Amino acid sequence: LFLGIYLAALLDNGLIITAIACDHRLHTPMYFFLLNLSILDLGSISTTVPKSMANSLRDTRAISYSGCAAQVFFIVFFILAEYFLLTVMAYDRFVAICRPLHYATLMGSRACVKMAAAAWGTGFLNAVLHTAGTFSIPLCQGNAVEQFFCEIAQILKLSCSDSYLREAGVIVVSACLVLGCFIFIVLSYVQIFTAVLRIPSEQGRHKAFSTCLPHMVVVSLFVSTIIFAHLKPPSISSPALDLVMAVLYSVVPPAVNPLIYSMRNKELKDALRK
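Remember, it's a predicted structure, so these values are computed and weren't measured experimentally.

A. Structural detail: the overall build of the protein chain. The helix and strand tally for the protein chain stands at eleven helices and zero strands. Listing every helix and strand of the protein chain by position from the N terminus yields α-α-α-α-α-α-α-α-α-α-α. In terms of overall dimensions, the protein chain is globule-like: its C-alpha atoms have a radius of gyration of 20 Å, near the 19 Å expected for 274 residues. Every one of the 274 residues in the protein chain was classed for burial, and the buried ones make up 47%. Long-range pairs, those at least 24 residues apart, make up 74% of the contacts in the protein chain between residues at least 6 apart in sequence. As presented, the protein chain carries roughly 14,100 Å² of accessible surface, and 70% of it is formed by carbon and sulfur atoms.

Okay, structure coming up:
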């Protein structure tokens, strides 16, 4: 199952990266951000799935301490950078639909590079803080992580009772940042839909919706699975449910994001056919 999902993610994202890089008609801000999203998707799924498959083939569950730290760093880096990039993509759609006359000024090539770099940089900084915070904690509850990759929540369960407060503080700061981005995305889409409903022609409304709906689906899938995975009540928590939720937020999105974005996008479909 993991091999099938991983190969699909490699193929889908690889095709999108190649199509956008090779077709000059797709050298626009929206596709530049989509290219970055595909790279991040490839990174996030490659951090967890290959190691899990290798362990399965060797019939072992072992991972080195440094390997575990690297997994925590890269999974936090790729997932948070992707989330911040989705926030930037919401801003891009907001400017395109609500401020079309200012689009070329606000979304110039230099501005797009700066916004993408900010998303990658914020993800990197958060990953450094989380990895340092998690692995500075003494572990008193053994060394068995109940997950198919090194997940911070599972590692914290192995910590001594009061020693995880530093990492808890970093988590709170990250959660506030994520909440701020989520509010920004929601407000952007409220204004986008208000503007779209004012468009007189049905064809214009359809075109506007077709560029925004894939982004909304991706954001909803991404945010809902992560929130449920980490904020679900302890009463319904179980190893099997934790595993399913981890797969839903770390393995499924990289495989389905390219399909969601290309399904209703004629320009991307034409580029892929070429």
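B. Expanded view of the pattern of salt bridges. Within this structure, the stated rule accounts for five salt bridges. As a salt-bridge pair, lysine 266 and aspartate 270 come within 3.2 Å of each other at their nearest N and O atoms. Of the two residues, lysine 266 and aspartate 270 both sit in helix α11 (residues 266-273), four residues apart, roughly one turn of that helix. Taken together, the shared-partner salt bridges in this structure form one network comprising Lys266, Asp270 and Arg273.

C. Broad picture of the UniProt feature "transmembrane region" (unreviewed entry) in the protein chain. If you check UniProt for "transmembrane region" (unreviewed entry), the listed places come out as residues 31-50, 62-86, 171-196, 208-231 and 243-263 in our numbering. Helix makes up 100% of residues 171-196 and strand makes up 0%, while its end C-alpha atoms are separated by 37 Å.

D. Quick look at the packing of helix α1 (residues 2-22) against helix α10 (residues 252-263). The interhelical angle for the contact between α1 and α10, taken along N-to-C directions, is 40°, at an axis separation of 8 Å. Taken as axis vectors, α1 and α10 run oblique relative to one another. Our pair here, α1 against α10, has a crossing hand that is left-handed. For the pair α1 and α10, the contacting residues are Ile5, Ala9, Asp12, Asn13 and Ile16 in the first and Pro254, Ala255, Pro258 and Leu259 in the second. A breakdown of the residues in the contact of α1 with α10 according to their chemical character gives seven nonpolar, one polar and one charged.

E. Focus on helix α3 (residues 65-98). Its 34 residues give α3 an end-to-end C-alpha distance of 49 Å, which sits within 8% of 50 Å, the value for a rise of 1.5 Å per residue. Across the 34 residues that make up α3, a large majority, 27, are buried.

F. Structural view of the nonpolar core. Ile20, Phe33, Leu34, Leu86 and Ile192 are the most contacted members of the largest nonpolar core, which totals 80 residues. With 22 residues, the single largest contributor to this core is α3. Those residues within four positions of phenylalanine 33 in sequence are excluded, and the remaining contacts are Leu85, Val88, Met89, Asp92, Met107, Cys112 and Ala116.

G. Molecular detail of α10. Helix length check: α10, at twelve residues, gives a terminal C-alpha distance of 17 Å against a target of 16 Å (1.5 Å per residue), a fit within 8%. If you check which residues of α10 are buried, you get Pro253, Pro254, Ala255, Asn257, Pro258, Ile260, Tyr261 and Ser262.

Rules used throughout
Residues numbered from 1 in each chain as written. Predicted model: local features only at pLDDT ≥ 70, side-chain atom pairs only at ≥ 80, totals over all residues. Heavy atoms only, no water. Helix = DSSP H or I, 4+ residues; strand = E, 2+ residues; numbered from the N terminus. Rg over C-alpha atoms; globule rule 2.2 N^0.38 Å. Buried < 20%, exposed > 50% of the residue type's maximum accessible area, 1.4 Å probe, protein only. Contact = heavy atoms within 4.5 Å. Areas by Shrake-Rupley, 256 points an atom, 1.4 Å probe, with all protein chains shown as cover. Salt bridge = Lys/Arg side-chain N within 4 Å of Asp/Glu carboxyl O. UniProt positions renumbered as here; feature names shortened; annotations may be inferred. Axes fitted to C-alpha atoms, helices over the stretch in contact; angles between N-to-C directions. Parallel < 35°, antiparallel > 145°, perpendicular 65-115°, else oblique. Left-handed = near helix turned anticlockwise from the far one by under 90°. Nonpolar A, V, L, I, M, F, W, Y, C, P; charged D, E, K, R; others polar. Expected span 1.5 Å × (residues − 1). Core = buried A, V, L, I, M, F, W, Y, C linked by side-chain atoms within 4.5 Å.

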